[in-house]
Every structure is written in C-alpha cells, then in structure tokens.
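# Working through the structure, step by step
Each chain, letter by letter, is given below.
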Amino acid sequence: MANDREILREVWEGKLPVCFKLDPDEVVELQQPDPFYLMVPRLSYFPLVTDKVRKHFIKYVSSDTQEHEMWLEYSAQPMKWHFPIGVLYDSMVDSDHEALPWVITVHFDKFPETQIYRFSNKETVESYFMACLKEADVLKHRGQIASNMQKKDHNQLWLGLQNDKFDQFWAVNRKLMEVSGENDYFKYIPFRCYIEDGYRQKLVKPVGDDGKRKTLNDLLNELFPDKDNVTAKIHGMIPPLETPLQWMSEHLSYPDNFLHLCIV
Amino acid sequence: MSQPDSNLDLQEAENSLQSLSIAQEGDTPSLTINKQKVDILLKPTGNAPIMKKKKWTVDSDKPIGWIIEFMKKYLKIESQEKLFLYVNQTFAPSPDQTVRNLYDCYSTEGKLVLHYCKTHAWG
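Attention here is on the structure that accompanies the text. The shown structure was predicted, so the numbers you read here are calculated from the model rather than taken from an experiment.

## Quick word on the overall build of chain A
Counting its regular elements, chain A contains ten helices and nine strands. The long-range fraction of contacts in chain A, counting pairs at least 24 apart against all pairs at least 6 apart in sequence, stands at 70%. Within the structure as shown, chain A displays about 12,700 Å² of accessible surface, and the carbon and sulfur contribution to it stands at 46%.

Structure (structure tokens):
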C-alpha cells in the first residue's frame, strides 16, 4: 500500500485556522480578553491542542469556574471533543457559511452534561482513540494486527498523533494499513457516515461478489438505498464517487483508521 | 424472544434515566430508519456481577451509554463506579455509539453480544 505517500502527508498536514473567543457573559474582568488564534491539525482532537487556549482565557473568568472543564461551542451547538477536528468542521460548518478563521466560542461555565461527554484528562482521549483503532482493525483484519502489536507500538501511534509526528505515526500505522496474507483487500472498510446529530456504520466490503472493486458510490448506495445524489465530504474535499473504497481506506482514513464521511 | 417483563423493566429504567439520554435528540426520522428493536446478550467477564436475565430487547437507536446506565441500575452498581462494555471481546464502543450501528456490524446469529466488566478487560 501507500504508493501514494505524498497524499498521506498532504492529508496529515491539513490544518484549520481557528479563532477562539471567550463567551462575553463569562468575562468578569473589566476588559474583554483578546481572541486567541491557533492553527490546528484537522486530524487531531480539540483536547490535545487547547491547553494554550485555556491558559489564555482562564484569568478572565470567575474564580469558581476556573477549575471547570473548558468546552467549545459553534453555531449554538457544543462540540464533541471525541470527534476529530476535521470531522467537526466538515459536519458543523455548512458550505454557505464557510469562512476562515473558524470562530469558536469558549466556555467554562454550564457544561452541557446531556449533550457532550466529559473528558477528565488526555488519557480519556487516548483510550477513546485506541478503541477506535482496534475497532477499525476488527473490520479490516479481524483484529489480528492491532491485538498482536506491542504496547510500545500503541504508544508510538498515540504519541505520533499527539506530537504531530508523521513519520513516527506512519512507521506503525502502515502495518495496520497492509492487506493480510494473500488478500488484496481489507475484509470490510471501517467508516462512519455523519448525518444530523450522529453517525451510521455498516459492514461494507471493498470488493463485490463479482470480484469488482467497489467505489464510494457503492458505499453510499448501500448505506442510503432510497436516496440519490448523496454527497460525502472528507478532509474538506468531496472525493469523486468513482474513488475505489480500498484506496480511500488506505489513504484518506483518519489516524483512528476510520474514514469519517460527512454527508453534506 | 424477550420475556414480557423485559421491556417493562427497560421502560422503567428509561423513565428514571431521562437526564442521561445523550444523543437521543437526533430522533427525528428522515434519513434514519423507523424504530427497530434488536436483541442483545450481556455476558459478564472477570469480576463482574452476573445478571439474572442476560438477553434483552432494546430500541436500536439507544446509545451504548444508556445501556451502561441501565445495567448499573439493574446490578445496583453506584453511578460513579465504572462499568465497561466490550464488543467482540476486543474494543470498548464509545458511549454515544448506537446499538444499531454495533448490531449491523458485529451481531452474530441475530444478536449483539456485549461483554461487561468492572475493570478494563481488553486494551
């Protein structure tokens, strides 16, 4: 696999400029804080990149909320920290309102308990990430590759993502992206299709019973048999419907090894 | 498949767990399918207490977090205590993952088998 290595790097380097603004109602100082600007990797998760944001705003909020967990909001919706940043952007920002930087509201007060989960620390994000990766491997290789890896390989994947180190991450991830034994294809394609407030997942093979390789179009037809003209977005672009699924899985998956497709 | 009392129990738990109904707001049917029920089989592992009734019928749009809260209530486990659910004895699904997605991908012989444990069992 990975003959198209430059594509892997291109995807890895995708970044979004974000402008964080503290909710004015939470400011207790006389002076409003300046907004905080940050370039964030699309493939990362907000809890991994927002330590500086917290530090910047914390002195402006009341002392009893300073210890609270910070949470983010866009377009009156709390952001799910466990979705990769690129997935949040592609699913929450509709194409008519695409303007950069992405303006996000920061809160310390009134955590929306019923809408998003708490993450007590980065380990919570890590265990969520590793669970996704293992699930993807169950779909691709019946879980054989991830479960035979050593703890240090798992650490290397996580640190590679956390520290934005492409080579460190891919040195291990390429094993997860290989086809095993005599097969030319994964068993199933790990993907999540984001619609409305959640996502759909289903078993879709990369190759048909007739031996013909399947495309993005086949996946969308299997998932939404009653709908025509479904458009899927990933990494901020709309891949051609005739893109082969196996190639997409190998080259356009997020670090958790899933293809996160946002229906637009 | 399910005993007559099972849905009743679930209903009861559901009423008392309204506040925890994360990810249920997207219930409006449009792209999604109508309400379906699926069978799940709950198996203890490690030190987990045994549930007298193992097989349940649940709405497929329920999130895994809801199942965990229901089980804690049924097993009389304190809500701050941990309970982990595993699919294929391999990975712990996210609390907002729906039963339907897991059923569609990992069910065998018409049921979704979930192992549960009070400590991390796999990974």
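There's plenty left to go through after this.
## Side note on the packing of helix α1 (residues 5-12) of chain A against helix α10 (residues 245-252) of chain A
Residues and elements named next belong to chain A. Close contact between α1 and α10 brings their axes to 9 Å; oriented N to C, the two are set at 55°. On the basis of their axis angle, the class for α1 and α10 is oblique. Where α1 abuts α10, its residues I7, L8 and V11 lie against W247, E250, H251 and L252.

## Focus on helix α5 (residues 122-141) of chain A
Residue and element names in this part refer to chain A. Here α5 spans 28 Å end to end across 20 residues, near enough to the 28 Å set by a 1.5 Å rise per residue. Counting buried positions over the 20 residues of α5 gives 16, a clear majority of the element. One side-chain oxygen of the residue at the start of α5 lies 3.1 Å from the amide nitrogen of E123, identifying that residue as N121. Once α5 ends, the next one or two residues include R142, with phi positive near 55°.

## A look at the pairing of strand β1 (residues 37-44) of chain B
The side chains of a regular strand alternate, first on one face of the sheet and then on the other. Residue and element names in this part refer to chain B. Summarising the sheet, β1 and strand β2 (residues 55-59) pair through five bridges and their orientation is antiparallel. The residue bridging D39 from the neighbouring strand is T57, located in β2. One ladder, built from six bridges, connects β1 with strand β4 (residues 111-117); its direction is parallel. Across the sheet, residue D39 finds its bridge partner in β4, namely K111.

## Here's the deal with the sheet that holds strand β4 (residues 77-78) of chain A
Residues and elements named next belong to chain A. One open sheet accounts for five strands, arranged β2-β1-β5-β3-β4; its pairing is mixed. Across the chains shown, the open sheet's two edge strands, defined by having one partner strand only, are β2 (36-41) and β4. Relative to strand β5 (residues 102-107), strand β3 (residues 71-74) runs antiparallel, the two being bridged by three bridges. The partner of W71 across the bridge, within β5, is H107.

## Focus: α10 of chain A
Count 3.6 residues to each turn of an α-helix, and residues three or four apart come out pointing the same way. Of all eight residues making up α10 of chain A, seven are buried, and the element is well covered by its neighbours. Buried residues along α10 of chain A sit against α1, α8 (166-176), α9 (216-223) and β9 (259-263) of chain A.

## Looking at the packing of aromatic side chains
The relation between two aromatic rings is expressed through the spacing of the ring centres and the mutual angle of the planes. Applying the stated criterion to the full structure yields 19 aromatic pairs over all chains. With a centroid separation of 5.2 Å and 75° between ring planes, the pair formed by F83 of chain A and Y194 of chain A is classed as edge-to-face. Taken together, the residues F83 of chain A in the loop between β4 and α4 (85-92) and Y194 of chain A in strand β6 (residues 191-195) connect sequence positions 111 residues apart. For F83 of chain A, a relative accessible area of 5% translates into the label buried. Overall, the relative accessible area of 6% leaves Y194 of chain A in the buried class. Centre to centre, the rings of F70 of chain B and Y74 of chain B are 6.1 Å apart; their planes meet at 35°, and the pair counts as tilted. Linking F70 of chain B with Y74 of chain B, this pair stays in helix α2 (residues 64-74), spanning four residues, or about one helical turn. In textbook terms, an aromatic cluster arises when at least three aromatic residues are bridged by ring pairs, as seen for F20, F46, Y74, Y89 and W102 of chain A. When the ring centre of F111 of chain A is taken as origin, the NZ or CZ atom of R118 of chain A, which lies over that ring, is 4.2 Å away. Between the NZ or CZ atom of K53 of chain B and the centre of the ring of W56 of chain B, over which it lies, the distance is 4.9 Å.

Conventions and cut-offs
Residues numbered from 1 in each chain as written. Chains lettered and ligands numbered in written order. Predicted model: local features only at pLDDT ≥ 70, side-chain atom pairs only at ≥ 80, totals over all residues. Heavy atoms only, no water. Helix = DSSP H or I, 4+ residues; strand = E, 2+ residues; numbered from the N terminus. Contact = heavy atoms within 4.5 Å. Areas by Shrake-Rupley, 256 points an atom, 1.4 Å probe, with all protein chains shown as cover. Axes fitted to C-alpha atoms, helices over the stretch in contact; angles between N-to-C directions. Parallel < 35°, antiparallel > 145°, perpendicular 65-115°, else oblique. Expected span 1.5 Å × (residues − 1). Buried < 20%, exposed > 50% of the residue type's maximum accessible area, 1.4 Å probe, protein only. Polar contact = N/O pair within 3.5 Å; in protein donor to acceptor, adjacent residues only side chain to side chain. Pairing = 2+ DSSP bridges. Phe/Tyr/Trp six-rings, centres within 6.5 Å; stacked < 30°, edge-to-face > 60°. Lys NZ or Arg CZ within 6 Å of the ring centre and 35° of its normal.

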